[in-house]
Amino acid sequence: MMWIRLLLLATVFCVATGFSASAEGQQLIVSGDPARIQPQLGAYLEEIVPGDEREYTVEVTNPTDKDITALLYTADAVPALGGGKDFTLPDDPELGSSAWYTTPDRPITLRAGETQSYTVSMRIPEHVEPGQYVSVIGVYDDQGQTRTPSDNEQTQFVTRMVRKTGLQVVLSYKLDEAKPPQAVPHSVSYGLENGRAFLSILLMNEGGSLSKPEMTVQVKRPEEDKPVLELEARFDSIYAGTVAQHRAELSRPLAPGAYLAEVITTVNGRTEQKELPFEVSDEAQRTHWGTASSGEIVQVAEDGSPLPSPWPGSPRIYVYAGLLLLLGIVTWRRRRAYKRNKEQR
C-alpha cells in the first residue's frame, strides 16, 4: 500500500539534492535545547503521546560577515541522494509528521554574527499508527535562479543557489508494535552522465522505523549465467515510509540490450531478493550528459551541441510533479485503510 508514497519521497530527496545546487560558503547554523537534545543522534528524541501539544526551540546562528534573510520552516526527513540525511523543501506537501506543526513558516533575518532563538509548536494527532516519525525544523535560504539561453532556444542552463540546514525531531510510538524496518528492492535504471556510466537502485522501507540495510547486486544478461557486474553497498537513514537511491559508477558503459539485476538486501537478519529488469538503449550509447555550472543537467550530442528538449524546462520537474500526485494518493489510501481497520476492531 505504501509503495507509491515511497517512490514519491525518493523523488522529493532527488529534487531536494539534485535539482537545486548547494551554494558555496558558510550557511546558517541550527541547534536545539541542550537539555532535550539526544547527544548521539544530535536531535530531539521523544516518545509520542497522542493528542499532546509540544514546543521545540531552535537557535539559529549567522556565522558570516553579512546579513542573511531565510525562511524558518518545518519539513519531512528524507534520505539524501546517494546516502545520508536530507529533508523536503518549503513548497513540498506536508505528508509526514511535519503536518503536525501548528506554527506557520516565517521569514527571519539575522545580522552578521547574530544568534536568535525561535520556538515552534506541534499538536500530535489523537490517532497515531505505531512507528517512527521524523521531521526537521529547518532554515531555507533561496538565492533565486537565473536562466541563460544556449544557441538552441529550447535548451537553457538554470542556476538556482539554495542553502538549507535543520534539526531533526524524532518521535516514536509503540515501536514494539510497528512493522519491522525493511529494504525492498524496487527498481534499477541505467544512465550516462558526462561520459560516465551509472547504475541506480531504489530500495523501499515499508516498515515503521529507520532501516540501515546491506545490499548486493549482480547484473546479468537474461540468456547468460555469468554476471557482467557485481557490487556491494550499505545504506544509511532510510526513514519509515521512504526510499533510498544508490548510484554506482561503472568502470565502463554497458552494451545495448536487456539486463536483469538480482538485488539482495539484508536488514536485521531479514533478507529480501528480487530480479529487476532494465534496458540499455542504443540512444544512451550515442549520447552523453553535460552538466552546466549551475548543477542542472542538459542532454548533448557527441559533438557537444545541445539536443532539443522534448518538454519545456527540466524533465525532473515533470517526474517530481507526477510522483507528488502519487504520494497524495497513497497517503489518502493509507489513512482510509487505517480508519477501516479501526472500525473493524
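Notes on the structure in this doc start here. Treat the numbers as computed from the prediction; the structure is a model and nothing was measured.

## A few points about the sheet that holds strand S16 (residues 243–249)
On the basis of which strands lie adjacent, the open sheet formed by three strands has the order S12-S13-S16 and antiparallel pairing. One side of each edge strand has no neighbouring strand; the edge strands of this open sheet are strand S12 (184–193) and S16. Strand-to-strand twist in this sheet, taken as the mean axis angle between neighbours without regard to direction, amounts to 20 degrees. Direction of pairing for S12 relative to strand S13 (residues 196–204): antiparallel, over a ladder of nine bridges. Each residue of the ladder has a partner; that of Gly191, found in S13, is Phe198.

## Things to note about the packing of aromatic side chains
Given two aromatic rings, one states the distance between the centres and the angle between the planes to describe the pair. As enumerated under the stated definition, the model contains five aromatic pairs in all. When the ring of Trp100 is compared with that of Tyr133, the centres are 5.1 Å apart and the planes differ by 40 degrees; the resulting orientation is tilted. Taken together, the residues span a long stretch of sequence, with Trp100 in the loop between strand S7 (85–87) and strand S8 (106–110) and Tyr133 in strand S10 (residues 131–149) at a distance of 33 residues. Of the residues examined, Trp100 reaches a relative accessible area of 11% and is grouped as buried. Joined through ring pairs, the aromatic side chains of Tyr73, Phe87 and Tyr140 make up one cluster. Of note, Lys164 hangs over the ring of Phe87, and the distance from its end group to the ring centre comes to 4.1 Å. Over the face of the ring belonging to Phe198 we find Arg247, whose NZ or CZ atom lies 4.4 Å from the ring centre.

## Topic: the environment of Ala248
By the secondary structure assignment, Ala248 is in strand S16. A sequence separation of 16 residues divides Ala248 from Glu232, and the C-alpha atoms of the two residues are 9.5 Å apart.

## Here's the deal with the environment of Leu250
Relative to the assigned elements, Leu250 resides in the loop between S16 and strand S17 (257–267). Taking the relative accessible area as the measure of exposure, Leu250 reaches 9% and is therefore buried. Between the C-alpha atoms of Leu250 and Leu199, which are 51 residues apart in sequence, the distance is 7.2 Å. Contact partners of Leu250, with chain neighbours within four places excluded, come to Tyr190, Ala197, Leu199 and Leu229.

## Some points on the pattern of salt bridges
Tallied over the full model, the rule gives 13 salt bridges. Ionic pairing is found between Arg111 and Glu114, a salt bridge with its closest N-O pair at 3.6 Å. For Arg111, a relative accessible area of 54% translates into the label exposed. Judged by its relative accessible area of 13%, Glu114 falls in the buried class. Ionic pairing is found between Glu126 and Arg123, a salt bridge with its closest N-O pair at 3.2 Å. Using a relative accessible area of 37% as the deciding quantity, one classes Arg123 as partly exposed.

What counts, and at which threshold
Residues numbered from 1 in each chain as written. Predicted model: local features only at pLDDT ≥ 70, side-chain atom pairs only at ≥ 80, totals over all residues. Heavy atoms only, no water. Pairing = 2+ DSSP bridges. Helix = DSSP H or I, 4+ residues; strand = E, 2+ residues; numbered from the N terminus. Axes fitted to C-alpha atoms, helices over the stretch in contact; angles between N-to-C directions. Phe/Tyr/Trp six-rings, centres within 6.5 Å; stacked < 30°, edge-to-face > 60°. Buried < 20%, exposed > 50% of the residue type's maximum accessible area, 1.4 Å probe, protein only. Lys NZ or Arg CZ within 6 Å of the ring centre and 35° of its normal. Contact = heavy atoms within 4.5 Å. Salt bridge = Lys/Arg side-chain N within 4 Å of Asp/Glu carboxyl O.

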